[in-house]
Amino acid sequence: MENISSTQIKSSNKFLNHNIKLCENIISNLDIIKKGFVNCDDIIIRDLSIGDKYNLKAALIYIDGMINTEVIELSIMNKLNNCTCKIRSKEYFKHLFGINDKDVTSEMDVIFKSILQGKAVLLIDKINFALVLNFENPPKRDISEPSIEINIRGPREGFTESLTINVCLLRKRIKNIDLKVEHFIIGKQTETDLKIVYLDNITDKEIVDEVRTRIKKIDLDSIVDTSNVEECISDGGTFNFIPTAFHTEKPDTASRKILQGKVAILVDGSPTVLVVPCTFIEHIQAQEDYYNNHVLATIDRVIRFISFLLALLLPAFWVSISTFHHELIPTSLVVTVIKTRSGLPFPTLVEAFFMLAAYEIIKEAGIRMPESIGQAISVVGALVLGQSAVSAGLVSTPMVIVIAVTGIATYVIPSVELTRSIIFPKYAFLLLGGSFGLIGLLSGMLFFLVYLLSLRSFGVPYLSPFGPLDSEKLKDTIYRKPISSEKSNKGFMNLVKKLKNK
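Basis of the calculations
Residues numbered from 1 in each chain as written. Predicted model: local features only at pLDDT ≥ 70, side-chain atom pairs only at ≥ 80, totals over all residues. Heavy atoms only, no water. Helix = DSSP H or I, 4+ residues; strand = E, 2+ residues; numbered from the N terminus. Buried < 20%, exposed > 50% of the residue type's maximum accessible area, 1.4 Å probe, protein only. Areas by Shrake-Rupley, 256 points an atom, 1.4 Å probe, with all protein chains shown as cover. Salt bridge = Lys/Arg side-chain N within 4 Å of Asp/Glu carboxyl O. Pairing = 2+ DSSP bridges. Contact = heavy atoms within 4.5 Å. Axes fitted to C-alpha atoms, helices over the stretch in contact; angles between N-to-C directions. Parallel < 35°, antiparallel > 145°, perpendicular 65-115°, else oblique. Left-handed = near helix turned anticlockwise from the far one by under 90°. Nonpolar A, V, L, I, M, F, W, Y, C, P; charged D, E, K, R; others polar. pLDDT = per-residue confidence, 0-100.

As for the overall build of the chain
- A count of helical and extended segments in the chain gives 17 helices and 12 strands.
- Going through the 502 residues of the chain one by one, you find that 47% of them count as buried.
- Carbon and sulfur atoms form 59% of the exposed surface of the chain, whose accessible area is close to 25,600 Å².

Overview of the pattern of salt bridges
- Applying the stated criterion to the full structure yields 19 salt bridges.
- A salt bridge links Glu360 to Lys363; the nearest nitrogen and oxygen atoms lie 3.4 Å apart. One end of the pair, Glu360, and the other, Lys363, are both in helix α12 (residues 348-368), three residues apart, so they sit about a helical turn from each other. Each member of the pair, Glu360 as well as Lys363, carries the same accessibility label: buried.
- The structure contains a network of salt bridges with shared partners spanning Asp289, Arg301, Arg304 and Asp476.

Observations concerning the sheet that holds strand β4 (residues 120-124)
- The strand order across the open sheet built from five strands is β1-β2-β4-β5-β3, with neighbouring strands paired in antiparallel fashion. The open sheet has two free edges, formed respectively by β1 (43-50) and β3 (104-105), since each of these has just one partner strand.
- Across four bridges, strand β2 (residues 56-63) lies against β4 in antiparallel orientation. Pairing of Leu60 across the sheet is with Leu122, part of β4.
- In this fold helix α2 (residues 26-36) packs onto β1, β2 and β4, with an angle of close to 15 degrees to the strand it touches most, β2.

Section: the packing of α2 against helix α5 (residues 108-116)
- Where α2 contacts α5, the axes come no closer than 11 Å and their chain directions differ by 50 degrees. Compared by their axis directions, α2 and α5 come out oblique. Crossing of α2 over α5 shows right-handed handedness. Residue-level contacts link Asn29, Ile32, Ile33 and Gly36 of α2 to Met108, Ile111 and Phe112 of α5.
- The residue inventory of the contact of α2 with α5, partitioned by class, reads five nonpolar, two polar and no charged.

Considering the confidence of the model for the chain
- Here the chain averages 84 in pLDDT, and 88% of its residues register 70 or above.
- Predicted confidence for residues 1-13 stays below pLDDT 50, and this span has 23 contacts to residues more than four positions away or in other chains.

Description of the side chain of Thr226
- Mapped onto the elements of the fold, Thr226 is located in helix α8 (residues 226-233).
- Filtering out sequence-adjacent residues up to four positions away, Thr226 remains in contact with Ile265, Val267, Ser270, Thr272 and Leu274.

Thoughts on unusual backbone geometry
- Cis geometry is adopted by the peptide bond preceding Pro277, which originates at Val276 and carries an omega value of -10 degrees.
- For Pro277, the position within the fold is in the loop between β10 (273-276) and α10 (294-323).
- The residue after Ser464, namely Pro465, is reached through a cis peptide bond having omega 10 degrees.
- Looking at the element boundaries, Pro465 is found in the loop between β12 (460-461) and α17 (491-501).
- Even without a glycine there, the phi angle at Asn39 is positive, about 65 degrees.

Considering the environment of Ser114
- Within the secondary structure layout, Ser114 lies in helix α5.
- Judged by its relative accessible area of 6%, Ser114 falls in the buried class.
- The spacing of Ser114 and Asn134 is 20 residues in sequence and 8.9 Å in space, taken between C-alpha atoms.
- Residues in contact with Ser114, not counting those within four places in the same chain, are Lys119, Val121 and Val132.

Right, here's the structure in full:
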């Protein structure tokens, strides 16, 4: 019998000693496990005995609430109680429980990790290996419609926090042998499961290799959401605020992106899926466009693009022309502006900053408040604050209208990530327009455009197919081409090949 030293027992707590082996004494093995899980009251160690005739001691170890106890009674207890064979080989127990070689281990660190993953581990006296039984049934949420990506037409299913369910939702839509799923474990402390999903016959190999490389370079203690992964693998540097990865909570959206030759990144515990590479125009498009007539979908996309420009530039444009370029305003409107601004204590620039800040505060309050009263607070707060500010002579009526239009235009953009990312340039443009007029605003817009042109998403230009120009891909940008004309899903891969040739 192998003796296990106290040094080995201490090192098992941190999984530092990967050479600890099981011995044939179940009491010694359980001592190591109990030392490793000290102060873990949710760890269940269930003492068992195998058969009436041989009366071998055994122990079943699992986390309370992570295992289907009904399956344990049917699949484990009954088989152990009825076991009359004295054979103790691996092949016998593999046949008895229907498991394979990877579920039989003598490594103590594998046992710890298996228990933490929600599996059950069976130890048997006088046998120096353990059986890992996959009866995991962790708490999970039912499939429901996402609260953010809401469609009038199309599927209602949304991703959940279960990685297994999310992969199944993609498999259900893409029944293709070329759909590949690769598994990674990231996070030193959390050891979070991550999977990438792509079509091997469509996705560019270099993009897949780059995704693998960046994921393997992640060196963090904890990964709890896809946003943590995005921050580690995205392009643009530490201070980039533009989303270079696409977020979605809908399987049909993720499936379409995969069919276009992109890579989906799924993280256990997160209902949001990352899709890379990502271009700017994807944040203007919506999956619902492909469920509507292509003419109507094109009109919707034009409206969204105009709304994006309004949300980004309208406050800065109004401040610049009302401060420096009165000649651009119709005469009748100039008279109205002068009347409404008479007696106001603050210049137009300060007024706009105040109103935008108030809008952001009300929006944040509406998000954080309970759903039943959040919307009411947003609406009532905006009405009361706007009316009170005008009545008190703090802001002008045209400024209230400009900020209101800006706020409404913001909600037309389907991508929450793009909506958040334009907050900083919106204030920057406002400062430039209020300080230097249209010259300052145009200079800021030029600088912002150059910055967008410099961005890449896994090697793909962020403004493609506009820059560099690709006439073929322009057919599905602002204009939504008819579904009947989509003879191949290799359009994005062809774009990547063209960029390589250049």
